[in-house]
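Listed below, chain by chain, are the residues.
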Amino acid sequence: MTYIWGTRGRAWGFTFLTTAGLEDPLRDYEIAMAPLEGAASGYARVGDVVALKFPDPEGRHDRAGRAVSHSFVLYGALAERVGSLEDGVREVWPLVADEYAQVWDLPMAPLASG
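So, here's what we can say about the structure. (Residues numbered from 1 in each chain as written. Predicted model: local features only at pLDDT ≥ 70, side-chain atom pairs only at ≥ 80, totals over all residues. Heavy atoms only, no water.)

In this section: the side chain of Arg8. Take Arg8: it is sitting in the loop between β1 (3-7) and β2 (15-19). On the accessibility criterion, Arg8 (16% relative accessible area) is buried. Among the polar contacts made by the side chain of Arg8, one reaches the main-chain carbonyl oxygen of Ala67 at a distance of 2.9 Å. (Helix = DSSP H or I, 4+ residues; strand = E, 2+ residues; numbered from the N terminus. Buried < 20%, exposed > 50% of the residue type's maximum accessible area, 1.4 Å probe, protein only. Polar contact = N/O pair within 3.5 Å; in protein donor to acceptor, adjacent residues only side chain to side chain.)

Spelled out as structure tokens, the structure:
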């Protein structure tokens, strides 16, 4: 399954934890996320790509007390299965929940994976 995942941790700012194998995922991320700009959460389909943004399902907050959110750009079969924000949380969060639990409290952001 291919996706870009951007989030922040307790002590580190926004970073990409997964890049969908892209050397520079920022351009694809910005295009897909444009319809959700300024929204706390949402779903958008741009062609065959899906953008998702939602608050951390575990209710985590960073050191400054801000709610942590997760942003995803989905491709391929995963994007095809997601037709709403609710679908996205149900399909995507289980794929990353354990990984995020291991890294969110690190003092520095981990390196992104493909």
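Scanning the model with the defined rule gives 6 salt bridges in all. Asp105 is the salt-bridge partner of Arg10, the closest N and O atoms lying 2.9 Å from each other. Highlighted residues: Arg10 in the loop between β1 and β2 and Asp105 in the segment after α3 (85-103), separated in sequence by 95 residues. With relative accessibility at 47%, the residue Asp105 sits in the partly exposed group. Arg81 is the salt-bridge partner of Glu91, the closest N and O atoms lying 3.0 Å from each other. Placement of the pair is Glu91 in helix α3 and Arg81 in helix α2 (residues 76-81), with a sequence separation of 10 residues. Through salt bridges with shared partners, a single ionic network connects Arg8, Asp62 and Arg66. (Salt bridge = Lys/Arg side-chain N within 4 Å of Asp/Glu carboxyl O.)

The values reported here are purely geometric and, on their own, carry no functional implication.
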